[in-house]
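Below are the chains, spelled out letter by letter.
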Amino acid sequence: MGTILKNVLIISPTENLMESFQSFDTCRDWEMDYCQDSFSALQRLKNSTYDLIIMDEGIGPLDPFKVMEYVFHELQKSYPMVIVGDNSKPEAIHENYQRCNYPIEQYNVDALVHYGKSEEKEKKLFSLEYLNELSDNNQEFIEESIVLFKNTLDAKFVDLQKAISTPDFEEARQIAHNIKPSFSMLGNDAGPVICNTICYNALESEIPELAQTLMKEYGLIVDEIEKQFPKLKAV
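If you're wondering where the values come from, they're calculated on a predicted model, not measured in any experiment. Numbering of residues starts from 1 in each chain and follows the order in which that chain's sequence is written. In keeping with the predicted nature of the model, local features appear solely for residues at pLDDT of at least 70, side-chain atom pairs appear and are counted solely at 80 or more, and the whole-chain, interface and lining totals rest on all residues. Calculated side-chain values reflect all of the structure's heavy atoms, with hydrogen atoms and water omitted.

Participant: It is not clear to me how the state of the cysteines should be interpreted in this structure. Could you clarify?
Facilitator: Note on terminology: disulfide denotes any pair of cysteine sulfur atoms within 2.5 Å. A full pass over the atoms with the stated rule returns 0 disulfides. Summary of cysteine pairing: Cys-195 is not part of a disulfide, and the nearest cysteine sulfur, belonging to Cys-199, is at 6.4 Å.

Rendered as structure tokens:
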């Protein structure tokens, strides 16, 4: 039976953990990525999103709790996470994770599916909540703000593409920093995270792909805005 858990990252010194999950019918629809160590996993997490992260407790060089710290505080992302091992013990400062022991059984898989569903957060393309509160639901102000959002980001993305083509990656980082508040104004979840990654965490070689991801997110927002505000389509 298919589940909403589609993208799962497995971090383990060997592929045995991934193979354990692949042996269950429940997991057949999962798209599993495998990383042998925590460093390669963090590189992948900079540019990818997952419904669930499953870690062997013996991973290195960073242990599972240090991986959590980096993901939460440096990448500013939040995922349901699971630690698998024989000696996993709870650590009080972490809440967003579950534990299970070897060998993996069907009830473990069922529990993880339920956990992933309960932790899944709906990702908003945009929300007018902030603008409604700011303007006391003034429709004219809201529409003017949306037009400003579109015009500003259209220009900024042209500048971003030029900076990447030059290449001038410090300028690209600064542009991403300037773009971030526009996404926040419309309550978009993904845009600020991508902007932060470009500004503070991304290698120069990663910035072009991240910029494309950011522009794709912007395109999705504009498409949704034009559905809700047809008269702004030609503005």
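Resuming the write-up.
Participant: For this particular structure, what's the right way to read the sheet that holds strand S1 (residues 7-11)?
Facilitator: Paired through backbone hydrogen bonds, the strands of a sheet run either parallel or antiparallel to each other. The strand order across the open sheet built from 5 strands is S2-S1-S3-S4-S5, with neighbouring strands paired in parallel fashion. Edge positions in the sheet fall to strand S2 (31-35) and strand S5 (97-100), since each of these pairs with one other strand and no more. For this sheet, the mean inter-axis angle between neighbouring strands, taken without regard to orientation, is 20°. When DSSP finds at least two bridges between two strands, those strands are taken to pair. A run of H or I in DSSP becomes a helix once it reaches four residues, and a run of E becomes a strand once it reaches two; helices and strands are each numbered from the N terminus. As paired strands, S1 and S2 are joined by 5 bridges and run parallel to one another. Residue pairing across strands places Ile-10 opposite Tyr-34, the latter belonging to S2. Where helix H3 (residues 64-74) meets the sheet, it contacts strand S3 (52-56), strand S4 (81-84) and S5, and its direction lies at approximately 170° from that of S4. Each axis is a line fitted through C-alpha atoms, taken for helices only over the stretch in contact, and angles between the N-to-C directions span 0 to 180 degrees. It only takes one pair of heavy atoms within 4.5 Å for two residues to be counted as in contact.

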